[in-house]
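Residues per chain are reported as follows:
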Amino acid sequence: MTTHGNIASPHRTQAWLMVVIVLGALAWSGISPHDRLTWMLEVVWVAVGLPLVAWVWGRFPLSALLAWLLVVHALILIYGGAYTYALTPLGLWFQEAFDLARNHYDRLGHFAQGFVPAILARELLLRRTPLLRGGWLFYLVLAAALSFSAFFELIEWWAALVWGGDADAFLATQGDVWDTQWDMFMALCGAIIAQLLLARVHDRQLGLR
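Keep in mind it's a predicted model, so treat the numbers as computed, not measured.

J.: Which residues make up the overall build of the protein chain, and what values do they have?
T.: Scanning the protein chain from N- to C-terminus turns up eight helices and two strands. When the elements of the protein chain are put in sequence order from the N terminus, they spell out β-β-α-α-α-α-α-α-α-α. The C-alpha radius of gyration of the protein chain comes to 18 Å, within 12% of the 17 Å expected for a compact globule of 209 residues. Its C-alpha atoms give the protein chain principal-axis dimensions of roughly 50 × 35 × 35 Å. Burial analysis of the protein chain (209 residues in total) assigns 43% to the buried set. Total accessible area on the protein chain is roughly 11,300 Å²; 71% of this is exposed by carbon and sulfur atoms.

Shown next, in the form of structure tokens:
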């Protein structure tokens, strides 16, 4: 890792490795996705996020923890976009192995949707606001992660309104009438667990004691 001020960021080789991993996965997924519309709707976050991170890196280098988490989240989105969340081979294997009623890969995706944005929100709040570690930080990170999850559910609703049945693979409800609530609950769980597991590591990488 490289130290930028008090921030422990990935060194140049690591940073380029991250870029290669994400771009390689993105290229692979775009060759022959199961549903082109779903692929586009899933990977658009990666296509926007990667250039944005690169653009601000000189002024706002991310901690190594957050950078690697963003790579993992990108891979989850890309894999889901390539197969659609309801048909991912990993999820289908898990479904068969544990005799489940549905493919739960989308639950993993929404857990990550809380887990990774929680660390992103935590880093932004600690580095860009006067907020200190403690109960208010924990709560505001949860609120940020939940608001992002809720916004994504609105996007799914808008997609259904615009594309109708063509957006079914993107919605990935698999007949579950409580899918929206499950999605937000999984994001909430992800945000809580991320803070409980990674707060100390994150603090060290941010130069906090």
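J.: Please provide a residue-by-residue account of the packing of aromatic side chains, values included.
T.: Across all of its chains, the model carries eleven aromatic pairs by this definition. Note on Tyr85 and Tyr105: the rings are 5.3 Å apart at their centroids and 75° apart in plane angle, and the pair reads as edge-to-face. Residue Tyr85 is located in the loop between α3 (64–83) and α4 (89–97), and its partner Tyr105 is located in helix α5 (residues 105–128); the two are separated by 20 residues in the primary sequence. The exposure class of Tyr105 is buried, given its relative accessible area of 5%. Taken together, Trp28, Tyr79, Tyr83, Tyr85 and Tyr105 form an aromatic cluster joined through their ring pairs. Directly above the aromatic system of Trp55 lies the positively charged group of Arg59, at a separation of 5.0 Å from the ring centroid.

J.: Please give an account of unusual backbone geometry that cites residues and values.
T.: A positive phi angle, close to 75°, is found at Thr84, a residue other than glycine. With respect to the secondary-structure elements, Thr84 resides in the loop between α3 and α4. A positive phi is found at Asp99, a non-glycine position, where the angle reads about 55°. Turning to its location among the elements, Asp99 is positioned in the loop between α4 and α5. For Asp99, a relative accessible area of 69% gives the class exposed.

J.: Describe in detail the environment of Ala8, supporting the description with residues and values.
T.: Looking at the element boundaries, Ala8 is found in strand β2 (residues 7–9). Residues Ala8 and Leu197, 189 residues apart in the sequence, show an inter-C-alpha distance of 18 Å.

J.: How would you sum up the nonpolar core? Please name residues and give values.
T.: Counting residues in each nonpolar core, the largest one holds 20 residues, and the members touching the most others are Leu69, Phe115, Ile119 and Leu198. Those elements that place two or more of their residues in this core are α3, α5, α6 (135–163) and α8 (179–205). Among the elements that line this core, the one with the most residues is α5, at six residues. Leu69 has contacts with Phe115, Val116, Ile119 and Leu198, leaving out every residue within four places of it along the chain. Within the second largest apolar cluster, 16 residues are counted, among which are Val43, Ala67, Ile78 and Ala112.

J.: How would you sum up a nonpolar patch on the surface? Please name residues and give values.
T.: A cluster of nonpolar side chains, namely Phe151, Leu154, Trp157, Trp158, Leu161, Val162 and Trp163, defines an oily patch on the protein surface of about 740 Å² accessible area. Tracing the chain through its elements places Trp158 in helix α6. By relative accessible area, Trp158 is classed as partly exposed at 39%.

J.: Residue-level account of the environment of Ala160, with values.
T.: Structurally, the position occupied by Ala160 is in helix α6. As for Ala160 and Thr88, which are separated by 72 residues in sequence, their C-alpha atoms are 21 Å apart.

Cut-offs and rules
Along each chain, residue indices are assigned from 1 in the same order as the chain's sequence is written. Two thresholds apply to this predicted model, a pLDDT of at least 70 for residue-level local features and 80 or more for giving and counting side-chain atom pairs, whereas whole-chain, interface and lining totals are computed over all residues. Only hydrogens and water are set aside; all other atoms, that is, all heavy atoms of the structure, feed into the side-chain values. Helix and strand definitions here come from DSSP, where helices need a minimum of 4 consecutive H or I residues and strands a minimum of 2 consecutive E residues; each element is numbered from the N-terminal end. It is over C-alpha atoms that the radius of gyration is taken, and the globule rule equals 2.2 Å times the number of residues to the power 0.38. Think of it in three bands: with a 1.4 Å probe and only protein chains considered, a residue is buried below 20% of the maximum accessible area for its type, exposed above 50%, and partly exposed in between. Residue burial considers only the protein chains on display, and all accessible areas are found by Shrake-Rupley using a 1.4 Å probe. Note on ring pairs: Phe, Tyr and Trp rings are taken, using the six-membered ring of Trp, and paired if centres are within 6.5 Å. Classes follow the plane angle, with under 30 degrees stacked, over 60 edge-to-face and the rest tilted. The rule for a charge over a ring is simple: NZ of Lys or CZ of Arg within 6 Å of the ring centre, and within 35 degrees of the ring normal. As used here, the term nonpolar core means buried Ala, Val, Leu, Ile, Met, Phe, Trp, Tyr and Cys residues forming a set that is joined through side-chain atoms within 4.5 Å. The criterion used for residue contact is that any of the two residues' heavy atoms lie within 4.5 Å. Patch rule: a residue counts if its relative accessible area is over 30% and it has no salt bridge; like charges are joined within 9 Å, and nonpolar side chains (Val, Leu, Ile, Met, Phe, Trp, Tyr) within 5 Å. Put simply, a salt bridge is a Lys or Arg side-chain nitrogen that is within 4 Å of an Asp or Glu carboxyl oxygen.

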